[in-house]
Amino acid sequence: MTLSRRRIGLLTLAPAALLALAGCASTPSGIRYSSARTPEPWSIHWIEVDPARVELEVAVARDQVLGRETPSSMARRHDADAAVNGGFFVVRGPFAGDFEGLFVWDGRILSEPVHERSSLAFCSDGRVWIDQFALTMEARMENGPPFRVDGINRQRREGETVVFSPAFGPSTINQGTEVVVDRGRVVEVTGGGSRIPRD
């Protein structure tokens, strides 16, 4: 799997919440909230944080790919003083809450880049940058040739290969042939709705 990037100047956040964790919930020092209204339908809210005084954390709704949760609920679960909504995700249907764009959480790629959207990156060395990414993935069965992987943790379209990780949830909700791999070994071939190993 290779992930490459192109530098650009647009911002779209990953579909989760960015939490600002300060020392005391009653006096969130280092955090400033602002909002603005523009002609319909825009109501924009943002927070400014002092990185020297505030710890930033990225959280995922319900701690898995599928499902939705309000930023206020996520802030309560993580004892955060502030939270902002992350951005693009599937709004309706069985895949509601699924990311619509690149999302890396705790070092794991949970969703591939789409539509050349930009992503906000928080690096382990403290750097923050906005960039546009491309992802190339392939998989290989033992002694077989590599084959292209089209997506991660999302609805599979006809002719595509999509990899599901435990972060998606307990099982897939697709229809079609699925191969369940547990600890590098094929354990089952199903017609869809497969159990996802917790590896």
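The present account deals with the structure reproduced in this document. Note that the structure is predicted; figures quoted are calculated from it, not measured.

Each value, and the rule that gives it
- Residues numbered from 1 in each chain as written.
- Predicted model: local features only at pLDDT ≥ 70, side-chain atom pairs only at ≥ 80, totals over all residues.
- Heavy atoms only, no water.
- Phe/Tyr/Trp six-rings, centres within 6.5 Å; stacked < 30°, edge-to-face > 60°.
- Buried < 20%, exposed > 50% of the residue type's maximum accessible area, 1.4 Å probe, protein only.
- Patch = residues over 30% accessible without salt bridge, like charges linked within 9 Å, V, L, I, M, F, W, Y side chains within 5 Å.
- Areas by Shrake-Rupley, 256 points an atom, 1.4 Å probe, with all protein chains shown as cover.
- Salt bridge = Lys/Arg side-chain N within 4 Å of Asp/Glu carboxyl O.
- Helix = DSSP H or I, 4+ residues; strand = E, 2+ residues; numbered from the N terminus.
- Pairing = 2+ DSSP bridges.
- Contact = heavy atoms within 4.5 Å.
- Core = buried A, V, L, I, M, F, W, Y, C linked by side-chain atoms within 4.5 Å.

One pass over the structure, following the stated rule, counts four aromatic pairs. Taking 4.4 Å as the distance between ring centres and 15 degrees as the angle between the ring planes, the aromatic pair formed by Phe-99 and Phe-103 counts as stacked. Its relative accessible area of 1% is what places Phe-103 among the buried residues. An aromatic cluster is built from Phe-95, Phe-164 and Phe-168, whose rings are joined through pairwise contacts.

Before going further, it helps to examine a nonpolar patch on the surface. Residues Met-141, Phe-147, Val-179, Val-181, Val-186 and Val-189 make up a contiguous nonpolar surface patch of roughly 490 Å² in combined accessible area. Of all the secondary structure elements, the ones that give two or more residues to the nonpolar patch are strand E14 (175–182) and strand E15 (185–192). With respect to the secondary-structure elements, Val-179 resides in strand E14.

A few words now on the pattern of salt bridges. When the charged atoms of two side chains lie near each other, side chains of opposite charge can form a pair. A full pass over the atoms with the stated rule returns nine salt bridges. Among the salt bridges present, the one from Arg-154 reaches Glu-112, with a minimum N-O distance of 2.5 Å. A residue pair is termed long-range when its members are at least 10 positions apart, and Arg-154 in the loop between strand E12 (151–152) and strand E13 (162–163) and Glu-112 in the loop between strand E8 (108–111) and strand E9 (118–122) qualify at 42 residues. Accessibility expressed as a relative area gives 8% for Glu-112, which makes it buried. In this structure, Glu-160 and Arg-157 form a salt bridge, with 3.7 Å as the shortest nitrogen-oxygen distance. Via salt bridges that share partners, Glu-112, Arg-154, Arg-157 and Glu-160 belong to a single interconnected network.

Pairing of strand E3 (residues 31–37) with strand E4 (residues 43–49) involves seven bridges; the strand directions are antiparallel. Note that in E4 the partner of Arg-32 across the bridge is Glu-48. Linking E3 to E4, which pair antiparallel, is a turn of five residues.

Moving on: the environment of Trp-105. Among the structural elements, Trp-105 can be located in strand E7 (residues 103–105). A relative accessible area of 17% means that Trp-105 is categorised as buried. With residues up to four places along the chain from it excluded, the contact list for Trp-105 reads Val-58, Ala-59, Val-60, Asp-63 and Leu-110.

Here we take up the environment of Val-189. By the secondary structure assignment, Val-189 is in strand E15. Sequence separation of Val-189 and Thr-177 is twelve residues, and the distance between their C-alpha atoms is 6.9 Å. Filtering out sequence-adjacent residues up to four positions away, Val-189 remains in contact with Thr-177, Glu-178 and Val-179.

Counting 14 residues, the largest nonpolar core has Val-65, Phe-99, Phe-103, Leu-110 and Phe-168 as its most contacted members. Once you skip the residues sitting within four places of it in the chain, Leu-110 turns out to touch Val-65, Phe-99, Phe-103, Trp-105, Ile-152, Asn-153, Ser-165 and Ala-167. In this structure, Ile-31, Val-54, Ala-82 and Val-84 belong to the second largest nonpolar core, which totals five residues.

What follows is about unusual backbone geometry. Leaving glycine out, the prevailing phi sign among residues is negative, and the prevailing peptide bond configuration is trans. Phi is positive for Glu-116, close to 55 degrees, though the residue is something other than glycine. Summarising the element assignment, Glu-116 is placed in the loop between E8 and E9. By relative accessible area, Glu-116 is classed as exposed at 58%.

Attention now moves to the environment of Ala-80. On the secondary structure map, Ala-80 appears in the loop between helix H1 (71–77) and strand E6 (82–85). The exposure class of Ala-80 is buried, given its relative accessible area of 15%. Separated by 25 residues in sequence, Ala-80 and Glu-55 place their C-alpha atoms 9.5 Å apart.

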